[in-house]
Amino acid sequence: MLPPSVSELLFWSATAVCAVAQVAVVRAALAGRTPGASPTLLARAREFFWVLLPAALLALLLVWTWHSLPARFTPTQGVSAARADASAAAVEVRT
């Protein structure tokens, strides 16, 4: 298993590549430079929908992947750990 810093580096590198590629695809669709681009407004709106749908699904996949990275520190884990430490310290003080 990779160390957390390497996992995060790979994740953010892949995220950057995906973001650049999706921005390029969206810009091409808006400019009408895609194969089969149509001059009608309805056809362009339909094409734009089919460009945005994979981008949105990719964003959801990246969020899911980020949450499933091992040993990732989240603020809620830090808060609950701090509370556990504080309650353990309070029990030690009472005894």
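Here, the structure is the one placed above.
Participant: Help me understand the overall build of the protein in this model?
Facilitator: Counting its secondary structure elements, the protein contains 3 helices and 0 strands. Counting helices and strands in the order they occur from the N terminus, the protein gives α-α-α. Counting all 95 residues of the protein, 17% fall into the buried class. Taking contacts inside the protein between residues at least 6 apart in sequence as the whole, the part at least 24 apart equals 59%. As presented, the protein carries roughly 7300 Å² of accessible surface, and 73% of it is formed by carbon and sulfur atoms.

Participant: Even after reading the chapter, I still don't get the side chain of Thr15, so can you show me in this structure?
Facilitator: Here Thr15 lies in helix 1 (residues 4–31). Here Phe11 takes part through its backbone oxygen, which lies 2.8 Å from a polar atom of the side chain of Thr15.

Participant: How should I be thinking about helix 2 (residues 41–67) in this particular structure?
Facilitator: Think of an α-helix as 3.6 residues a turn; residues three or four steps apart then line up on the same face. Here helix 2 spans 39 Å end to end across 27 residues, near enough to the 39 Å set by a 1.5 Å rise per residue. Three or more residues of helix 2 are buried, namely Ala43, Glu47, Val51, Ala55 and Leu62. Those residues of helix 2 that are buried are in contact with helix 1.

Participant: What should I look at first to understand the packing of aromatic side chains in this one?
Facilitator: Given two aromatic rings, their pairing is described by the distance between the two centres and the angle made by the two planes. The tally for this structure, following the rule as stated, stands at 4 aromatic pairs. Arranged with centres 5.0 Å apart and planes meeting at 80°, the rings of Phe11 and Trp12 form a pair that is edge-to-face. Taking the relative accessible area as the measure of exposure, Trp12 reaches 46% and is therefore partly exposed. Centre to centre, the rings of Phe11 and Trp66 are 5.3 Å apart; their planes meet at 35°, and the pair counts as tilted. Of the two residues, Phe11 sits in helix 1 while Trp66 sits in helix 2, which places them 55 residues apart along the sequence. Through pairs of rings, three or more aromatic residues link up here, namely Phe11, Trp12 and Trp66.

Participant: I keep staring at the environment of Leu30 and nothing clicks. Help me out?
Facilitator: Residue position: Leu30 is located in helix 1. Residue contacts for Leu30: discarding those within four places in its chain leaves Arg44 and Phe48.

Participant: I'm lost on helix 1 in this one. Help?
Facilitator: In this model helix 1 runs 40 Å from its N-terminal to its C-terminal C-alpha over 28 residues, within 8% of the 40 Å that 1.5 Å per residue would give. All of the buried residues in helix 1 are Ser7, Phe11, Thr15, Val26, Ala28 and Ala29. Elements that come into contact with the buried residues of helix 1 comprise helix 2. Downstream of helix 1 by a residue or two, Gly32 has a phi angle that is positive, lying close to 75°.

Definitions and limits used
Residues numbered from 1 in each chain as written. Predicted model: local features only at pLDDT ≥ 70, side-chain atom pairs only at ≥ 80, totals over all residues. Heavy atoms only, no water. Helix = DSSP H or I, 4+ residues; strand = E, 2+ residues; numbered from the N terminus. Buried < 20%, exposed > 50% of the residue type's maximum accessible area, 1.4 Å probe, protein only. Contact = heavy atoms within 4.5 Å. Areas by Shrake-Rupley, 256 points an atom, 1.4 Å probe, with all protein chains shown as cover. Polar contact = N/O pair within 3.5 Å; in protein donor to acceptor, adjacent residues only side chain to side chain. Expected span 1.5 Å × (residues − 1). Phe/Tyr/Trp six-rings, centres within 6.5 Å; stacked < 30°, edge-to-face > 60°.

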